[in-house]
Amino acid sequence: MRRAYFRNNWIAALVVAPQLLIIFVFFYWPTSQALYWAFTFEQPWGGGNEWAGFENFRNLLTDDRYWHSIRVSIVYAAGATVLSMSAALILAVFADRQLRGYRAYRIGAIWPYAVAAPAVGLAFRFIFNPSAGVMSYVNEAFPGFWDPILNGDHALIMVMIAGAWKQVAYNFIFFLAGLQAIPRSLIEAGAMDGASILRRMRDIQLPLLAPTFFFVLVININDSFTDSFGIVDTMTAGGPARATNLMVYKIYVDGFRGLDYSGAAAQSIILMLLVIALTVVQFRYIERRVHYT
Amino acid sequence: MADIDIREVRKSYGKDEVIHGVNLHIANGEFVVILGPSGCGKSTLLRMIAGLEDITDGEVVIGGSVVNDLEPRYRGCAMVFQNYALYPHFNVADNIGYALKVAGVKKAERMEKVAAVARSVGLEDFLDRKPGQLSGGQRQRVAMARAIIREPGVFLFDEPLSNLDAKLRVQMRHEIRRIHSRIKATSVFVTHDQHEGMTLADRMVIMNKGTIDQVGTPAEVYRYPATIYVAGFIGSPAMNFLPGEIAADRAAVMLGDGTAIPIPAQVARNRDRQMVTLGLRPEDLTLGDAGAGTVTAQFEFYEETGAAGLYHLLIEDLPFQVLTKEARPVQEGAPVGVAFDFDKLHLFDSDSGQRIDLRTETRVMEAAQ
């Protein structure tokens, strides 16, 4: 790696200052505020607070509704990640074969990433609407087959599909880049060795894609824990009966609807620790099994 | 075991035709080297035999059956790639044995064969290593072993030695020759290195801009190059070229400085006033005093090659080289005589670039009279 050395440290400081400022304003400052609030009782209308110690955390961890939200979040994260990664991988494998019209197809597959989460939510709310959307035809044939408005499982599946759909584009870009980084001659060597397309995929391409796969996995799991707010808010608002009340959505509801700033801050801290822990675990135990060539 | 027949094969990328109707027959067990500069289409031709490129037009026949529409795996060819193309996540044993694994050979039998083949190329101590832990020469051996283990009818080599250093390259060259005399598979070897071609080939195929200029044994190609292009490409140092014009009345080729190079009268009569290019190999020339010899040149500088010395001269501002063992001290810019050996002249038609074969042409005309 090339490194630049600055003789004058002031210039170096000046060059990195904008970046540091952005990180400070948008990450360290809010995080430290949340941390402070999590250990105090903040008043809903401002004006004074009271030291609480671990009281906020104790309240949360003894609350069944909070544990329910954690469970729902884990199911959502697992479902959305598996769904979006497998869909993206299949699409990328097709794009990598460079059949006719793959350029247009590639652009089409990347596009969803440019759509804002609430817009995705609205679009899927229409598609999955049991009485007006596309699914209403299915319901007409099989009454009661699909009802995300009343059925919590249906609602969670619906949110998962919408979240996965949005993430597919991002995963697709990485999978396609990863597949195209595999030297063509390796695949040709596989062909000469007698392996069929599927066999080459299994023995050569997928193992060599493992580093990309791991990276995408970490990003997807983290993303499904922290970035699912827009979809839940537009599609279900956490319902029905809190069936889609993901941790990140509950923070918003408790903080800004319930005006429980301290409880919401404590939830943010827990979510942050959870994401950090997940990332560490993935790096410690999965990365080792990935061959970096 | 299989022979290869290439019939009027063409390759186009969009509107650009890169191979213009090539015909070539490679006999069973023969070692053929396709030689040419980068971009002449030699690798493309090889990849069309392998099945890695579509054939735009014409036919490739291996062992009697047309293989144009067959997948690589049904063609019975093994290939050694330029960058080795080893599977980085497999160890050496798995790399060598992959073809057998795909073919469904049982593990015990497979490992036995892998061990035998690895021993034959000197890799028995490296079976557990990953390709990343091997040197260039060892990787090359793995690539060879991977091809050998399949016992293919046809061996294809795509510039397999170009990533090795000079010494290793010579060593691997000998090893390839040895392997070929042992397993006798039909081999097609693509390279841009004439030494590789000359030393390995039973027959050489010289390609130029998507066509075959000449097919012949290394000695034939060196002694009787069919075109100016082949003449300049084969031989090191490269052949000297001098422009001239045929004069029937003098039965000679007239050079720019008025020197007359005698040629058979029948040929001269038949090709009067034709513009020709005279080809002279540096090693077929001798130096003499200024005024002696066939032409007089200007001395530029001297290059020691060890076994002999290379004299760089100028004739009418054209560079001209003489390779000789005889030591001759000359001043820079001083005139020096160069003697031609008229038996070892090469004559080419300047327009078409084709060889004018003095002997056969004389014979043919004598027979006609």
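Each chain carries its own residue numbering, running from 1 in the written order of its sequence. Written order determines the labels here, with chains lettered from A and ligands numbered from 1. The predicted origin of the model limits local features to residues at a pLDDT of at least 70 and limits the giving and counting of side-chain atom pairs to 80 or more, whereas totals for whole chains, interfaces and linings rest on all residues.

**With respect to the overall build of chain A**
Put simply, the test is: Secondary structure elements follow DSSP: runs of H or I no shorter than four residues count as helices, runs of E no shorter than two count as strands, and numbering proceeds from the N terminus. For every residue, the other C-beta atoms within 10 Å of its own C-beta are counted; 20 or more classify it as buried, 12 or fewer as exposed, and values in between as partly exposed. C-beta atoms are placed from the backbone.
The helix and strand inventory of chain A stands at twelve helices and two strands. Reading chain A from its N terminus to its C terminus gives the helix and strand order α-β-β-α-α-α-α-α-α-α-α-α-α-α. The C-alpha extent of chain A, read off along each of the three principal axes, is 75 × 75 × 35 Å. Burial status across chain A gives 31% buried among its 293 residues.

**Examining the sheet that holds strand S1 (residues 4-13) of chain B**
Residue and element names in this part refer to chain B. Going by this rule: Pairing between strands is defined by DSSP: at least two bridges between the two strands are required.
Spatial ordering of the open sheet is given by S2-S1-S4-S5, a layout of four strands whose pairing is antiparallel. Of all the strands in the sheet, the pair left with one neighbour each is strand S2 (16-26) and strand S5 (65-66). Bridge count for strand S4 (residues 57-62) against S5 is two bridges, and the pairing is antiparallel. Looking at S5, one finds that Ile62 is bridged to Ser65.

**Details of the interface of chain A and chain B**
Rules: Distance between backbone-placed C-beta atoms decides contact: two residues are in contact if it is within 7 Å. Lys, Arg, Asp and Glu make up the charged group, whereas Ala, Val, Leu, Ile, Met, Phe, Trp, Tyr, Cys and Pro make up the nonpolar group; the residues left over, Gly among them, are polar.
Facing the 16 residues of chain A at the interface are 18 residues of chain B. Mapped by element, the contributors of at least two residues to the side of chain A that touches chain B are helix H8 (184-192) and helix H9 (197-226) of chain A. If one sorts the elements of the side of chain A that touches chain B by residue count, H8(A) sits on top with six residues. In the side of chain A that touches chain B, the residues fall into nine nonpolar, four polar and three charged.

**Some remarks on the domain arrangement of chain B**
All names here are of chain B. Which entries qualify depends on this criterion: Residue ranges labeled as domains rest on an automatic or database domain assignment.
Examined at the domain level, chain B breaks down into domain 1 (4-231) and domain 2 (237-368). A straight line from the C-alpha centre of domain 1 to that of domain 2 covers 38 Å. Across the contact, seven residues belong to domain 1 and eight residues belong to domain 2. The residue inventory of the side of domain 1 that touches domain 2, partitioned by class, reads six nonpolar, one polar and no charged.

**Here's the deal with the pairing of strand S7 (residues 154-158) of chain B**
Residues and elements named next belong to chain B. Note the threshold: With the strands pointing away from the viewer, any crossover whose connection runs clockwise from the first strand over the helix to the second is right-handed.
Counting buried residues along S7, five of its five residues qualify, which places the element largely inside the surrounding structure. The pairing of strand S6 (residues 77-80) with S7 spans four bridges and is classified as parallel. Paired with Cys77 across the bridge in S7 is Val154. The sheet contact formed by S7 and strand S8 (residues 186-191) spans five bridges and is parallel. Bridge pairing in S8 places Asp158 opposite Val190. Viewed along the sheet, the connection from S7 through helix H5 (residues 166-183) into S8 turns out right-handed.

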